[in-house]
Amino acid sequence: MFERLGQKLILKLQLGPLVVSLDLITVVMSLVVSLILILLALWLRRAIPRDPEAPVSRRLAFLSMAFEFFHESLLGGFSPELAKRLFPMITTLFLYVLFSNWISVVPKAESPTQNLNVTMGLALMVYVLSHYYAIKTKGARVHFRGYLEPYAFLLPMNIIGDFGRTLSHGFRLFGNIFGGAILTTIVLGLTGKVIAAMPVVAPFAFVFGTGIGTFLNAWFGVFIGAIQALVFALLASVYIRLMAT
Amino acid sequence: MNISGEQFVEALKYLAAGLCMGLGAIGPAIGEGIAAAHALDGMARQPEMEGTLLRTMIIGQAISESTGIYSLVVAIILLFVV
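Overview of the structure. Keep in mind that this is a model prediction, so the values were computed, not measured. (Residues numbered from 1 in each chain as written. Chains lettered and ligands numbered in written order. Predicted model: local features only at pLDDT ≥ 70, side-chain atom pairs only at ≥ 80, totals over all residues. Heavy atoms only, no water.)

Residue and element names in this part refer to chain A. Counted according to the given criterion, the structure contains three salt bridges over all chains. Between aspartate 162 and arginine 165 there is a salt bridge; the shortest N-O distance is 3.7 Å. Of this pair, aspartate 162 and arginine 165 both sit in helix H6 (residues 155-197), three residues apart, which is roughly one turn of the helix. (Salt bridge = Lys/Arg side-chain N within 4 Å of Asp/Glu carboxyl O. Helix = DSSP H or I, 4+ residues; strand = E, 2+ residues; numbered from the N terminus.)

Given below as structure tokens:
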């Protein structure tokens, strides 16, 4: 049932003719991120007072600010009705990717978004949802006739473009986070070796390692993680909007 | 010194990964720089449009970045999978 693939622990399940393999670290980290999000949501929900006349607390101000930010920047050009429907999905996507990227700052923890299966799953979900909302708002006939635009012989181009978009959507997040993780490991290993080879500063290797590690984690974990989460959610909303209107 | 075929392939693998990443990073870097430069231009001219410009700039940069990401994926495949 449990197998080792390289350094990873894989859980193999036999479901009829299918063999399902799960990367245990990714599953556990993903559940941890979900747990953090649920606890955060419960904690923030307690800030909403029962009567609307009560004075605004700090948490409530933060909550309304966050809502306004999500509405403005993630769901900019949608019609109000569609924006109301998509708001929970896009915001959850953003928060999930953001916290998955940020959790790599914790030592020994690994972001779930370092795994291609997670990012491709999210991108595929966005792809299916964009078709769903397109059929819902425009009707199936108009939507699928859109593939024959502007000329009928461009149909293969349109289909390839569709898949390429989803593929690059998933690969972009994976590449950024995984590349950052590789770079952090390589640079930390290299500085350790270089400093150990120098006679004067060798006793202070720990200080250099901590400084460089903090900088790399702040850059790749916090900054790039936030930007990529924003980009992922923005692109998801743009793809759905392009299809649906 | 004799170099066996396997060692030759191994060496070429690293060379290919380095070339792939190095050449593949040029295009996106120039493209993103151009996008940022023009967005800054627009922001300096119309500071009240900053939010919209920033959002559009980030989307454009993320899309023009995807060729760089493809080369990164190819380099990772060359290094760890092949």
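In the contact formed by helix H7 (residues 205-244) of chain A and helix H3 (residues 50-64) of chain B, the axes pass within 10 Å of each other and the chain directions differ by 95°. As far as their axial angle goes, H3 of chain B and H7 of chain A are roughly perpendicular. For the pair H7 of chain A and H3 of chain B, the contacting residues are Leu230, Val231, Leu234, Leu235 and Val238 of chain A in the first and Arg55, Ile58, Ile59, Ala62 and Ile63 of chain B in the second. A breakdown of the residues in the contact of H7 of chain A with H3 of chain B according to their chemical character gives nine nonpolar, no polar and one charged. (Axes fitted to C-alpha atoms, helices over the stretch in contact; angles between N-to-C directions. Parallel < 35°, antiparallel > 145°, perpendicular 65-115°, else oblique. Contact = heavy atoms within 4.5 Å. Nonpolar A, V, L, I, M, F, W, Y, C, P; charged D, E, K, R; others polar.)

Attention shifts here to the packing of aromatic side chains. Counted according to the given criterion, the structure contains 11 aromatic pairs over all chains. Taken together, a centroid distance of 5.8 Å and an interplanar angle of 35° make the contact between tyrosine 127 of chain A and phenylalanine 163 of chain A tilted. In this pair, tyrosine 127 of chain A sits in helix H4 (residues 116-138) while phenylalanine 163 of chain A sits in helix H6, placing the two residues 36 residues apart along the sequence. Take tyrosine 127 of chain A: its relative accessible area is 17%, and that puts it in the buried class. Ring centres of tyrosine 151 of chain A and phenylalanine 153 of chain A lie 5.8 Å apart, and the angle between their planes is 10°; this geometry places the pair in the stacked category. Each member of the pair tyrosine 151 of chain A and phenylalanine 153 of chain A is classed as exposed. Stacked on the ring of tyrosine 239 of chain A, the Lys or Arg arginine 165 of chain A has its end atom at 4.7 Å from the ring centre. When the ring centre of tyrosine 14 of chain B is taken as reference, the NZ or CZ atom of lysine 13 of chain B above it lies at 6.0 Å. (Phe/Tyr/Trp six-rings, centres within 6.5 Å; stacked < 30°, edge-to-face > 60°. Buried < 20%, exposed > 50% of the residue type's maximum accessible area, 1.4 Å probe, protein only. Lys NZ or Arg CZ within 6 Å of the ring centre and 35° of its normal.)

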